[in-house]
Amino acid sequence: MSEGIDEVLRSKLQRQGVWVTSMQELYNWGRKNSIWPLQFGLACCAIEMIATAASRYDIARFGGEVFRPSPRQADLMIVAGTVTKKMAPQIVRLYNQMADPKYVIAMGACAISGGPFKQGYNVLKGIDRYIPVDVYIPGCPPRPEALLHAFMELQQKIDEQKLSGADKAAHLESEQPSEYPVPAFGKHDLEPPANPNVFHPPAIERQS
Amino acid sequence: MRPNPYLFIVVFIGVALVFPLIPLALAWLWRRIFQPPKPGPQKNAIYECGVESLGEAQIQFRSQYYLYAIIFLIFDVEAIFLVPFAVAFTGLPVGAFIAILVFLLLLIEGLVWAWSKGCLQWER
């Protein structure tokens, strides 16, 4: 879509006061500036998330101040805190209930990998085992600036998504699922322990 | 020639119909052209708190709790009526006096009932 516009012509027109855009740019511009997060905090990272939403850091500057209490109205899930195995099915279910397009920020070490509680018997070793994560923020907990940075990264990602063509955004593909299987409590662990379609851990290369 | 004074109502109704229809039509077109709908059993679930609902919504409460209601009336609500009755006791006409006595009798009846049910028994 945006390939159709000659950049030189566009900047010339812009200097004359004529703004030319494409539907894709308009769509992405609207989406990236009105990301509504799900009002959903799990642990201490949620305090940082609240601080980010409050006046000092003010996520409203980026269009994300409308924390929705319902997944049906939310675009972004900020997994803020330790995900216990008791909580993981609920998170996946909430993610499933969010309307497309939906994005996930894994906030903090716990949401990424289990963090300092990784050895715990009841801690999920990263929410990316069950749902696709767009932005990871390291930190324990990450500062509000880090969350704002992740928010800006997500905005950049949304801005680059294509509306049509072979490499269009995943939520526009009819084959791409919108729901992911919810893990159930098994005898010893969650069943399945990870969704193989989502979870792609980096392969460890050992030098012999 | 002056336009019909009701013309603006017709125009208003027309605008009121078209105004919500445009975004609905745009959303429908967007769905048809770009974004395929992806409904699912969890997405369409009634509750959206993340927890699946358990059991029936049509539950019954135990009728035995009426004893608590009686005790509450006798020892709590009755006091609200007794205090103004005691304050205005000397100036009351006979009708009001009899009325409050009937009220007291009804509540004492409830007290006797609750007593006979063993409600006042202190259980350790």
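None of these values were measured; they are calculated from a predicted model.

## Points about the pattern of salt bridges
Residues and elements named next belong to chain A. In the structure shown here, the tally under the stated rule is nine salt bridges over all chains. Among the salt bridges present, the one from K32 reaches D159, with a minimum N-O distance of 3.7 Å. With K32 in helix α2 (residues 23–32) and D159 in helix α6 (residues 144–159), the pair connects residues that are 127 residues apart, well separated along the chain. Connected through shared salt-bridge partners, E7, R10 and E25 make up one network.

## Quick look at the interface of chain B and chain A
Each partner contributes to the interface: chain B provides 17 residues, whereas chain A provides 27 residues. When chain B packs against chain A, close to 1800 Å² is buried across both sides, 51% of that on carbon and sulfur atoms. The three residues of chain B that bury the most area against chain A are K38, Q42 and K43 of chain B, which together make up 36% of that side's buried surface. At the boundary of chain B and chain A, one finds three salt bridges. Among the salt bridges present, the one from K43 of chain B reaches D100 of chain A, with a minimum N-O distance of 3.4 Å. Applying the counting rule to chain B against chain A returns 16 residue pairs in polar contact (both at pLDDT 80 or more). In terms of residue class, the side of chain B that touches chain A is made up of nine nonpolar, four polar and four charged.

The rules we used
- Residues numbered from 1 in each chain as written.
- Chains lettered and ligands numbered in written order.
- Predicted model: local features only at pLDDT ≥ 70, side-chain atom pairs only at ≥ 80, totals over all residues.
- Heavy atoms only, no water.
- Salt bridge = Lys/Arg side-chain N within 4 Å of Asp/Glu carboxyl O.
- Helix = DSSP H or I, 4+ residues; strand = E, 2+ residues; numbered from the N terminus.
- Contact = heavy atoms within 4.5 Å.
- Buried area = accessible area lost by both parts, 1.4 Å probe.
- Polar contact = N/O pair within 3.5 Å; in protein donor to acceptor, adjacent residues only side chain to side chain.
- Nonpolar A, V, L, I, M, F, W, Y, C, P; charged D, E, K, R; others polar.

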